[in-house]
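Listed here are the chains, written in short residue letters.
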Amino acid sequence: MDEHRVASRLQGIPPTIFTEMSALAASTGAVNLGQGFPDTDGPADVIEAARSALASGANQYAPGPGLPALRAAIAAHQDRCYGLAWDPAAEVVVTTGATEAIAGALLGLVEPGDEVVLLEPYYDSYVAMLQMAGGVRRPVTLRAPSFRLDVAELRAAVTPRTRFLLVNTPHNPTGTVLTPAELHAIAEVAVEHDLTVITDEVYEHLTFGVPHVPLATLPGMRERTLTISSIGKSYSLTGWKVGWAVGPAHLVGAVLAAKQWLTFTSGAPLQPAAAYALTQAPDWPAALANELRERRDQLCAGLADAGLPASVPDGTYFALTDISHLGWPDGMSFCRALPARAGVVAIPVQGFYDTGAGQQLVRWAFCKRPEVLAEAVSRLRAADLAP
């Protein structure tokens, strides 16, 4: 591929909105409820395991597919949590966060012109990677206020050119956790049309009273599903960027084929610590989910008091508000004005749609300390939020 073709593939891919909004937070001193990262660290013993690895010589390249100990720990996690048995040597690959796993999957599997059905709103890296791969997006909208899957719309999105389903559950940014009925409908479509399914499950352990069910556990799905996750969200270690993909060897091999030309490898001293987390601190994510449920309730109640009622999510870090009643042209204009108006940063969701359905939606992150959420709500209550 020559430089002109590369440039044409990259044209039209906007900068990520998270960079702009986090810069606004830093420059204005606003409370950052935009980008989804916690403001407290993960388990102390897991961090100590990373420190020990640094001091013990784990400072050179790790194997490209990942340290064997981490691949074994990931396989054990999938078996323990979901009854899915994978071969650590051939069916697990370690990546630089889930973002690289998504990139590797789309660049390694999608051919130019292939259609990929995905749920919108969607994580913005999907768009960039599909455009780089030459894939064609076929969005299926999770519509406000319920953000549930319309199975008829899913079926209508599949054409003879469709090759892949890209499914994110628990879903960012809506907080929807797909139900067993919704998942079975997706599986039926995948089997009927012989589609490969790529699942982004990074919030797998952060659900609130609603179980997460991996698509790979459903009949006919194990052999056609590539499952992506990471340690970052489940253990409040987002800066470590240690992720993985698991699935049949031919799908994992495609990720590895792309990954070797992306990072090749990364995080050598963090990989043994990630293995330690998965094997020695398996209950930590459940405790985190309980804390996040309380923070979700705190923020949603506060937003309602501030005149910004939000949907109450079943999972993830995020809640959405429809700001139509305020009179702003769209969520982008509201979010760009909000740091100066209220000293708070949020994320406009409209950039995560092809259809324009989310023009008035704004995302808030509740993965912050209770006192930070309280301060943000206090500022919002006191602010003039009219345009």
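See above for the structure.
These numbers come from a predicted model, not from an experiment.

(A) How the structure looks around the overall build of the protein. The helix and strand inventory of the protein stands at 13 helices and twelve strands. In terms of overall dimensions, the protein is globule-like: its C-alpha atoms have a radius of gyration of 20 Å, near the 21 Å expected for 387 residues. In terms of overall dimensions, the protein has a C-alpha envelope of 55 × 55 × 45 Å along the principal axes. Burial status across the protein gives 57% buried among its 387 residues.

(B) Broad picture of the state of the cysteines. A complete count under the given rule lists zero disulfides for this structure. Just so you know, C300 is unpaired, no disulfide at all, and the nearest cysteine sulfur is the one on C367, 13 Å from it. The closest cysteine sulfur to the non-disulfide-bonded C335 is located on C367, 16 Å from its own sulfur. Using a relative accessible area of 1% as the deciding quantity, one classes C335 as buried.

(C) Focus on the pairing of strand β7 (residues 225-230). With respect to burial, β7 is a largely interior element, six of its six residues being buried. Neither face of β7 is open: one carries T225, T227 and S229, the other L226, I228 and S230, and all of them are buried. Two elements, strand β6 (residues 196-200) and β7, share four bridges in a ladder whose sense is parallel. Paired with V197 across the strands is T225, a residue of β7. Bridge analysis of β7 against strand β8 (residues 242-246) gives four bridges, and the strand direction is antiparallel. The residue of β8 that forms the bridge with S230 is G243.

(D) Structural view of the packing of aromatic side chains. Tallying each qualifying case throughout the model produces eight aromatic pairs. Ring centres of Y203 and Y317 lie 5.4 Å apart, and the angle between their planes is 75°; this geometry places the pair in the edge-to-face category. Taken together, the residues Y203 in the loop between β6 and β7 and Y317 in the loop between α11 (284-305) and β9 (318-322) connect sequence positions 114 residues apart. Neither residue differs from the other here; Y203 and Y317 are each classed as buried.

(E) View of the side chain of N32. Summarising the element assignment, N32 is placed in strand β1 (residues 31-32). Here Q35 takes part through its backbone nitrogen, which lies 3.5 Å from a polar atom of the side chain of N32. When neighbours within four sequence positions are excluded, N32 is seen to be in contact with S22, A25, F37, V345 and K368.

(F) Unusual backbone geometry, seen in detail. Each neighbour pair has its own omega, and for A144 with P145 the value is 5°, a cis peptide bond. Tracing the backbone through its elements, the reader meets P145 in the loop between β4 (136-141) and α7 (151-157). In this structure, P170 follows T169 across a cis peptide bond, with omega equal to -10°. Its location among the elements puts P170 in the loop between β5 (162-168) and α8 (180-192). The phi dihedral of F147 is positive, around 55°, even though this residue is not glycine. Following the sequence through the fold, F147 ends up in the loop between β4 and α7. The backbone phi angle of D194 is positive, close to 55°, even though this residue is not glycine.

(G) Spatial organisation of the packing of helix α4 (residues 68-82) against helix α10 (residues 270-280). The N-to-C vectors of α4 and α10 enclose an angle of 25°; their axes lie 8 Å apart at closest approach. With respect to α10, the element α4 is oriented roughly parallel. Crossing geometry of α4 relative to α10 is assigned as left-handed. Here A69, L70, A73, I74, H77 and R80 of α4 lie close against α10, whose contacting residues are Q271, A274, A275, L278 and T279. In terms of residue class, the contact of α4 with α10 is built from seven nonpolar, three polar and one charged.

(H) Just α4, in detail. The terminal C-alpha atoms of α4 lie 21 Å apart, and with 15 residues this matches the ideal 21 Å at 1.5 Å per residue to within 8%. Elements that come into contact with the buried residues of α4 comprise β2 (92-96), β7, β8 and α10. Following α4 by one or two positions, G83 adopts a phi angle in the positive range, close to 70°.

(I) Layout of the environment of S234. Along the chain, S234 turns up in the loop between β7 and β8. For S234, a relative accessible area of 2% corresponds to the buried category. Between the C-alpha atoms of S234 and P180, which are 54 residues apart in sequence, the distance is 22 Å. If we skip the residues at most four places from it in the chain, S234 touches V202, H205, W284, P285 and L288.

(J) Spatial organisation of the pattern of salt bridges. Applying the stated criterion to the full structure yields 18 salt bridges. In this structure, E48 engages R51 in a salt bridge whose closest nitrogen and oxygen atoms are separated by 2.5 Å. In this pair, E48 and R51 both sit in helix α3 (residues 44-55), three residues apart, roughly one turn of the helix. On the basis of relative accessible area, E48 is assigned to the partly exposed category, the value being 40%. Across the pair E192 and R155 runs a salt bridge whose closest N-O atoms are separated by 2.9 Å. You can see E192 sitting in helix α8 and its partner R155 sitting in helix α7, a full 37 residues away along the chain.

Rules used throughout
- Residues numbered from 1 in each chain as written.
- Predicted model: local features only at pLDDT ≥ 70, side-chain atom pairs only at ≥ 80, totals over all residues.
- Heavy atoms only, no water.
- Helix = DSSP H or I, 4+ residues; strand = E, 2+ residues; numbered from the N terminus.
- Rg over C-alpha atoms; globule rule 2.2 N^0.38 Å.
- Buried < 20%, exposed > 50% of the residue type's maximum accessible area, 1.4 Å probe, protein only.
- Disulfide = S-S within 2.5 Å.
- Pairing = 2+ DSSP bridges.
- Phe/Tyr/Trp six-rings, centres within 6.5 Å; stacked < 30°, edge-to-face > 60°.
- Polar contact = N/O pair within 3.5 Å; in protein donor to acceptor, adjacent residues only side chain to side chain.
- Contact = heavy atoms within 4.5 Å.
- Axes fitted to C-alpha atoms, helices over the stretch in contact; angles between N-to-C directions.
- Parallel < 35°, antiparallel > 145°, perpendicular 65-115°, else oblique.
- Left-handed = near helix turned anticlockwise from the far one by under 90°.
- Nonpolar A, V, L, I, M, F, W, Y, C, P; charged D, E, K, R; others polar.
- Expected span 1.5 Å × (residues − 1).
- Salt bridge = Lys/Arg side-chain N within 4 Å of Asp/Glu carboxyl O.

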